[in-house]
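# Structural overview for review
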Amino acid sequence: MIASKGYAAQTPTSDLAPWNFERREVGEFDVQIDIAYCGVCHSDLHQIKNDWFPGIFPMVPGHEIVGTVTAVGSGVTKLKVGDIAGVGCMVDSCRTCENCQEGLEQYCTVGSNQTYNSLGKDGTPTYGGYSNNIVVNEDFTLTIKDKENLAAVAPLLCAGITTYSPLRHWGVGKGHKLAVLGLGGLGHMAVKFGVSFGAEVTVLSTSPEKEAAAKALGAHHFVVTTDPAQVAAVKGTFNFILDTVSADHNMGMYLSLLKTNGVHIIVGVPSNPHAISAFSLIGGRRSLAGSGIGGIKETQEMLDYCADHGIVSDIEVIAFKDITASYERMVKGDVRYRFVLDLATL
Ligand SMILES: [Zn+2]
Ligand SMILES: [Zn+2]
């Protein structure tokens, strides 16, 4: 076994703390990566606190992983020792179902193997990127072209693909009015992609003080959703709303902002179910949709697109000792826009 160290939550009520554990040996098709940086996703906090479902403890979170390949199995062809590689939210899937065959491993019908808080193919718990190393089947690794901004590339592995994939699926681009709901880790990437794809982008936010930051990211307009006059002015105007908010919010109000045939796409996951009136969809033949991360092929396409177009996440690099304080700031939305753990501080 391979000795690993990281930060783990031992129970849903304990803070993250140092923990030594073991990972499997590097198999024929496995890649071992020495992790350099790992992004801090809001879902890390949801999962160590059992907000969504009972978790597997001890839990080592982290699914925005970049680092250097230190070992490869004899059958590996995708990467070699010394390469820079990434790992996102999944480390394996069934590979045979209809969705896996189409490159939609995130929708694997038997359930993909998540990077942490999940069971691997061998039935043992998976541990994420708040740790010095990881062992992953090569098919679930990503290659990184942008080696200059490694810390800022890390959040692309979740926040990036989670917003890129739905914008591509619905063909959002020139001639479309896109509203991005929430300006956090996901929202700021949605703004960058929306602008890059040619859409007219509006940020919808409860925080008026975020306007300058939204415009600096390239957003064309900013609407304060607690101001009834500003909301009334954009009723029925958007082709798409990309909803990144993971706190409870008034869906009826947001759906009313869509044009006829508009689509409200959910990527944020509040702890409580949304309450939605049927009339808010029937009026204007509106659609309510959701999207989860992206497949491995599309994640690679997104990373290459970002490298070619100079897109990275806006980040604040933090040390492991500050993780709990950083979670508190993340919950308050006090981060522009993603915390990234520097593994050198472990
Ligand atoms: Zn995530
Ligand atoms: Zn499958």
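Residues numbered from 1 in each chain as written. Chains lettered and ligands numbered in written order. Predicted model: local features only at pLDDT ≥ 70, side-chain atom pairs only at ≥ 80, totals over all residues. Heavy atoms only, no water.

Attention shifts here to the environment of Tyr37. Mapped onto the fold, Tyr37 is located in strand S3 (residues 30-40). For Tyr37, a relative accessible area of 22% corresponds to the partly exposed category. C-alpha separation for the pair Tyr37 and Glu98, spaced 61 residues apart in sequence, amounts to 34 Å. Every residue in contact with Tyr37, bar those within four places of it in the chain, is listed here: Glu64, Ile65, Val66, Leu150, Ala151, Ala154, Val340, Leu341, Asp342 and Leu343. (Helix = DSSP H or I, 4+ residues; strand = E, 2+ residues; numbered from the N terminus. Buried < 20%, exposed > 50% of the residue type's maximum accessible area, 1.4 Å probe, protein only. Contact = heavy atoms within 4.5 Å.)

What follows concerns helix H5 (residues 185-196). Between its first and last C-alpha, H5 extends 17 Å over 12 residues, near the 16 Å set by a 1.5 Å rise per residue. The buried count for H5 comes to 10 of 12 residues, which makes it a mostly enclosed element. Gly198 lies just past H5 and shows a positive phi near 100 degrees. (Expected span 1.5 Å × (residues − 1).)

Let's shift gears to the coordination of the zinc ion (ligand 1). Within the protein, Cys41 (SG), His63 (NE2) and Cys158 (SG) serve as the donor atoms for the zinc ion (ligand 1), at 2.0 to 2.2 Å. Counting residues between consecutive donors of the zinc ion (ligand 1) along the chain gives the motif C-x21-H-x94-C. Within this pair, whereas Cys41 is found in the loop between S3 and helix H1 (42-48), its partner Cys158 is found in the loop between helix H3 (150-153) and helix H4 (159-169), the two being separated by 117 residues in sequence. Considered together, Cys41 and Cys158 belong to a single accessibility category, that of buried residues. (Donors = N, O, S within 2.8 Å, 3.2 Å for Na, K, Ca; no water.)

Another aspect to go through is the coordination of the zinc ion (ligand 2). Only Cys94 (SG), Cys97 (SG), Cys100 (SG) and Cys108 (SG) from the protein reach the zinc ion (ligand 2) as donors, at distances of 2.3 to 2.4 Å. Relative to the metal, the 4 donor atoms surrounding the zinc ion (ligand 2) lie at angles of 103 to 120 degrees, and the coordination shape comes out tetrahedral. Mapping the donors of the zinc ion (ligand 2) onto the primary sequence yields the spacing C-x2-C-x2-C-x7-C. Since its relative accessible area comes to 9%, Cys100 is described here as buried. Of the residues examined, Cys108 reaches a relative accessible area of 8% and is grouped as buried. (Tetrahedral: all angles 85-135°; square planar, octahedral: opposite > 155°, others 65-115°.)

Within S3, 8 of the 11 residues are buried, which leaves it mostly tucked inside the rest of the structure. Summarising the sheet, S3 and strand S8 (residues 133-137) pair through 5 bridges and their orientation is antiparallel. Paired with Asp30 across the bridge in S8 is Asn137. Note: S3 against strand S4 (residues 65-72), 7 bridges, orientation antiparallel. In the sheet register, Ile35 faces S4, and the bridge partner there is Gly67. Here S3 pairs with strand S17 (residues 338-342) via 4 bridges, running antiparallel. Looking at the pairing, Gly39 lines up with Val340 of S17. (Pairing = 2+ DSSP bridges.)

Within strand S1 (residues 2-8), 5 of the 7 residues are buried, which leaves the element mostly enclosed by the surrounding structure. Of the pairings in the sheet, the one linking S1 to strand S2 (residues 17-23) comprises 7 bridges and is antiparallel in character. Within the sheet, the bridge partner assigned to Ala3 lies in S2 and is Glu22.

This paragraph deals with the pattern of salt bridges. Enumeration according to the criterion identifies 12 salt bridges in this entry. Asp92 serves as the salt-bridge partner of Arg95, at 2.8 Å between the closest nitrogen and oxygen. Judged by its relative accessible area of 29%, Arg95 is partly exposed. For the salt bridge of Asp322 with Lys321, the shortest nitrogen-to-oxygen distance reads 3.3 Å. Relative accessible area serves as the criterion here: at 30%, Asp322 is assigned to the partly exposed category. Given a relative accessible area of 67%, Lys321 falls into the exposed group. When salt bridges with common partners are traced through the structure, they connect Asp92, Arg95, Lys121 and Asp139 into a single cluster. (Salt bridge = Lys/Arg side-chain N within 4 Å of Asp/Glu carboxyl O.)

Among the nonpolar cores identified, the biggest contains 89 residues, and Val40, Tyr130, Leu178, Phe193, Ile323 and Tyr327 are the most heavily contacted of them. Dropping the residues within four chain positions of it, Leu178 is found in contact with Leu167, Val172, Ala190, Gly194, Ala199, Glu200, Val201, Thr202, Phe238, Phe240 and Leu242. If you look at the next biggest cluster of nonpolar residues, it comprises 14 residues, including Leu181, Leu204, Phe238 and Tyr254. (Core = buried A, V, L, I, M, F, W, Y, C linked by side-chain atoms within 4.5 Å.)

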